[in-house]
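Chain and residue survey
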Amino acid sequence: MTEPATRRLAIDGMSCASCVGRVDRALAAVPGVRSVAVNLATETATITLDDRSITAAELAAISTEAGYPATPAEPDQTSLTAARKADEADALARSTLIAAILALPVFILEMGAHLVPAFHHVIADTIGTQSSWIIQFMLTTLVLFGPGRVFFAKGLPALVKGAPDMNSLVALGTGAAYVYSVVATFLPGLIRADVRAVYFEAAAVIVVLILLGRLLEARAKGRTGAAIKALLGLQARQARVMRDGALVAVDVDRLVVGDVITLRPGERVPVDGRVIEGSSPVDESMMTGEPVPVVKTTGDALTGGTVNGQGGLTFAATRVGADTTLAQIIRMVTEAQGAKLPIQDVVDRVTLWFVPAVLVLAMLTVAVWLAIGPDPTLALVAGVSVLIIACPCAMGLAVPTSIMVGSGRAAEMGVLFRKGAALQQLSNVDVIAFDKTGTLTAGKPHLTDLVLAEGFDHADVLRLAAAIEAKSEHPIADAIVSAARAEGLGDAAVSDFQAIAGFGVCATVDGRRVLIGADRLLAQHGIAPGPLAATETDLARRGRTALFVAIDGQAAAVIAVADPVKPGSAAAIAALRAKGLKVAMITGDKRETAEAIAREIGIDHVVAGVLPDGKVAALDQLRAQGQIGFVGDGINDAPALAHADIGIAIGTGTDVAIETADVVLMSGDLRGVVNAVAVSQATMRNIRQNLGWAFGYNVALVPVAAGVLYPVFGLLLSPVFAAAAMALSSVSVVSNALRLRGLRRAMQDSAPHPPAAAARNPQPAE
């Protein structure tokens, strides 16, 4: 099956949830489109395609035709969007100031009498009421067709197309108040004298308040991308490269794999590479969170964005451009921030018909007031208030702003949500299962015991075992090889090597047939362990991983290795259990070994002795207890990571595990799992608060705007207050989402330095 393709668009002109829905429907209708995720906060759309021939330009044309101008997103779209948002905020600030200066006299002339009754007589005795209305008309006209022109330019065409949006509601509301006032001013004979009045101040002040709300919203939204900006700040701009025997400064985007780069003290590593000369401590806190610099010498890997210490290094570039680790992190965070969570579907269904429903409700409100109201002008007041107060801006911002801030804060903690839906799904997990080796333990075992059967020599057995294990990539193999080297044992000739997944390894060594593995390997070859069986069981109970060695069909020894538990594992398990989560361990080790480790770190459910494909079956058994999260790091964990409801990969593990997972922990510290769960829960709590406010606001205030309180209390909501409340609702939602920026780590792991802190390191001297 052909892999789906992804296209990203930058979309302009979206102002509310209804706009998002229209762009979504227009793009989803294109044949070959599998899914669409439109994000109001980032003003982007991510389209997944089954038809790879469809270009981003073609999709942009579809969005533009639907009324929302779009362009293919650039690789540095985040920077471009941030710059555009800053320009937009500046323009809004100018428009708001101009509108406020023009609207203030209108407000004073009309509303002054309500605040100071004598003011009405002052106006009548000086310039006169008619002159006051003409002045208000001129100033309001300047407001509506100057700073407020945007609402009519966008709203009326959308209304004509049968796709009304927030701009349409504002245009209709302010337009109705303005037209009625113009008639009252210049064609007074058309309106009864006892109900003749003007509402210029409502039209003018509504524009000011909505522009002010958009200004505050734009500035707040600009702060939601702080994490991406911090990550972008980690990228070096230039590097000193050896070209044609000379050292020259080259822009980072012109580097190629194989370039030899010289790094001076204090400089930022420009791209991923491998040291070929020199030794120096490197601050990798932006990647691993480890506060202590790691000394790098010949052969060690370097990660772009990290900072060199006091020494000089020369290294060869191994990954450049979009392939660097930092670029991949930025891409993952960007994709997570633009993701569409399952909860967004609820919002989409509601907002699909929301604006049309508001229009119908406003017309119904006017009709009822005209039919039974005491004053026909109140029908206009109520209708305009309904149009203004029901704008669905807050609904459209409720989910994406929380996703942006939450996933960005997670990245600062070293937690990357590779798949957007994982941000929601992780909060619903009931059970978290861990792999053992390399996940709960350090993955660097050392030899602790070598117990021989009668008639076998220690050095001979260890030499043969090390020779065969040198062909294996398992961490236990490294422990055996390292022990043999430490004792100065020589090499041996190996042939017919075979690794049997879940059982062990076998080969011919110096003409002798050697098997190393679990008891099931011996059983498979019909070899009885004899007295060594009790020894193996005892070692396993003490938390050792014990393997049998058989030579020429006889059980020769039991080799035991110990893999120390990671320092933070026990604390992480305790924290997860304190959150009400169940914790399990799934491992291929013997039950005795697994239970010893489990007792040490506080895990009460153990699934042991399973083959790699058995981990998938173990997850299915655990599913009876609820949704499952699985944490692993190795190639053999990939099937389980993919099969779990949420796969969490240790960032220090294999690329296969990381590519399969939904969530990646940048360091190997398991306290990152606790932080990931905490961010997920806090983000979903924040989203629910936003949605509660957005929907509750409309449910509560739309009836008030329609006038339900008037028959009992004589209260009717002014359009001006309706505009203020509408602007406040959007600002409140974005401000609430921004609270996630202050989210603290659930556990203070060994990663106190988030990317944002690392970004303050100076750029290299040119």
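Looking at an unreviewed UniProt entry, one finds the protein chain named Copper-transporting P-type ATPase, with Yoonia vestfoldensis as its source organism. The record in UniProt for the protein chain states the following under Sequence similarities (unreviewed entry): "Belongs to the cation transport ATPase (P-type) (TC 3.A.3) family. Type IB subfamily." Word for word, the UniProt comment on the protein chain under Subcellular location (unreviewed entry) is "Cell membrane".

Here the focus is the overall build of the protein chain. Helix and strand counts for the protein chain stand at 30 helices and 26 strands. For the protein chain, with 766 residues in total, the buried portion stands at 54%. Counting contacts in the protein chain only where the partners sit at least 6 residues apart, residues at least 24 apart contribute 70% of the total. Accessible area for the protein chain stands at about 31500 Å²; split by element, carbon and sulfur atoms hold 59% of it.

Time to look at the environment of Ala-518. With respect to the helices and strands, Ala-518 occurs in the loop between β19 (512-517) and α20 (519-524). On the accessibility criterion, Ala-518 (15% relative accessible area) is buried. In this structure the C-alpha to C-alpha distance between Ala-518 and Gly-502, which are 16 residues apart in sequence, comes to 8.3 Å. Apart from residues no more than four positions distant in its own chain, Ala-518 is found in contact with Phe-503, Leu-547 and Phe-548.

This paragraph deals with the pattern of salt bridges. Oppositely charged side chains can pair when the atoms bearing their charge come close. On inspection of all chains with the given rule, the structure shows 17 salt bridges. Notably, a salt bridge pairs Arg-544 with Asp-449, separated by 3.3 Å at the nearest N-O pair. Of this pair, Arg-544 sits in the loop between α21 (532-541) and β20 (545-551) while Asp-449 sits in strand β16 (residues 446-452), and the two are 95 residues apart along the sequence. Several salt bridges share partner residues, and in doing so they unite Asp-460, Arg-463, Asp-510, Arg-512 and Asp-552 into one network.

Turning our attention to the sheet that holds strand β1 (residues 5-11). Judged by pairing direction, the sheet is antiparallel, and its four strands sit side by side in the order β2-β3-β1-β4 without closing on themselves. What marks the edges here is a single partner per strand, and that holds for β2 (33-39) and β4 (70-72). Across the sheet, the axes of successive neighbouring strands diverge by a mean angle of 25 degrees, strand direction being ignored. Of the pairings in the sheet, the one linking β2 to strand β3 (residues 44-49) comprises six bridges and is antiparallel in character.

Alternating positions in strand β7 (residues 260-263) separate cleanly, Ile-261 and Leu-263 being buried on one face and Val-260 and Thr-262 remaining unburied on the opposite face. When β7 meets strand β13 (residues 313-319), the two strands line up antiparallel, connected through four bridges. Within β13, the residue paired with Val-260 across the bridge is Ala-316.

In an α-helix, one turn spans 3.6 residues; hence positions three or four apart end up facing the same way. The terminal C-alpha atoms of helix α15 (residues 393-412) lie 29 Å apart, and with 20 residues this matches the ideal 28 Å at 1.5 Å per residue to within 8%. The largest bend along α15 measures about 25 degrees and falls at Val-399, with the proline Pro-400 one to four residues further on. Among the 20 residues of α15, 20 are classified as buried, and the element is accordingly described as predominantly covered. Just downstream of α15, Gly-414 is the residue with a positive phi angle, here 85 degrees.

Further remarks concern the pairing of strand β25 (residues 646-650). By the criterion of burial, β25 is predominantly enclosed, with five of the five residues buried. Burial along β25 is two-sided: Ile-646, Ile-648 and Ile-650 facing one way and Gly-647 and Ala-649 facing the other are all buried. Pairing geometry for strand β24 (residues 628-632) and β25, over four bridges, is parallel. When the bridges of β25 are listed, Val-631 appears paired with Ile-648. Examined bridge by bridge, β25 and strand β26 (residues 663-665) share three bridges and lie parallel to one another. Its bridge partner being in β26, Ile-648 is matched across the sheet by Val-663.

Here the focus is the nonpolar core. Counting residues in each nonpolar core, the largest one holds 139 residues, and the members touching the most others are Leu-9 and Phe-434. The greatest single-element share of this core, amounting to 14 residues, is contributed by helix α27 (residues 671-706). Among residues more than four places away in sequence, those in contact with Phe-434 are Thr-439, Leu-440, Ile-573, Leu-576, Val-583, Ala-584, Met-585, Ile-586, Phe-630, Val-631, Leu-670 and Val-673. Judged by nonpolar contacts, the second largest core, of 41 residues, contains Val-461, Ile-468, Val-509 and Leu-532.

As a further point, take the UniProt feature "transmembrane region" (unreviewed entry) in the protein chain. When the UniProt feature table is mapped onto this chain, "transmembrane region" (unreviewed entry) is found at residues 91-113, 133-156, 168-191, 197-216, 350-372, 378-399, 691-710 and 716-738. Helix makes up 79% of residues 168-191 and strand 0%. Its end C-alpha atoms lie 27 Å apart.

A cluster of like positive charges, contributed by Lys-579, Arg-685, Arg-688 and Arg-739, occupies part of the molecular surface. Its place among the elements puts Lys-579 in the loop between α22 (569-578) and β22 (582-586).

Our next topic: a nonpolar patch on the surface. Residues Leu-361, Leu-364, Val-368 and Ile-372 make up a contiguous nonpolar surface patch of roughly 370 Å² in combined accessible area. Looking at where Ile-372 falls in the secondary structure, it is placed in helix α13 (residues 354-372).

Positioned with a positive phi, Asp-496 is a non-glycine residue whose angle comes to about 55 degrees. Inspection of the secondary structure assignment puts Asp-496 in strand β17 (residues 494-500). We classify Asp-496 as exposed; its relative accessible area is 57%. One non-glycine residue, Asp-510, lies in the positive phi region at around 50 degrees.

The rules we used
- Residues numbered from 1 in each chain as written.
- Predicted model: local features only at pLDDT ≥ 70, side-chain atom pairs only at ≥ 80, totals over all residues.
- Heavy atoms only, no water.
- UniProt positions renumbered as here; feature names shortened; annotations may be inferred.
- Helix = DSSP H or I, 4+ residues; strand = E, 2+ residues; numbered from the N terminus.
- Buried < 20%, exposed > 50% of the residue type's maximum accessible area, 1.4 Å probe, protein only.
- Contact = heavy atoms within 4.5 Å.
- Areas by Shrake-Rupley, 256 points an atom, 1.4 Å probe, with all protein chains shown as cover.
- Salt bridge = Lys/Arg side-chain N within 4 Å of Asp/Glu carboxyl O.
- Pairing = 2+ DSSP bridges.
- Axes fitted to C-alpha atoms, helices over the stretch in contact; angles between N-to-C directions.
- Expected span 1.5 Å × (residues − 1).
- Bend = angle between axes of the 7 residues up to and from the residue.
- Core = buried A, V, L, I, M, F, W, Y, C linked by side-chain atoms within 4.5 Å.
- Patch = residues over 30% accessible without salt bridge, like charges linked within 9 Å, V, L, I, M, F, W, Y side chains within 5 Å.
- Lys, Arg positive; Asp, Glu negative; His and termini not counted.
- Charge placed at Lys NZ, Arg CZ, Asp CG, Glu CD.

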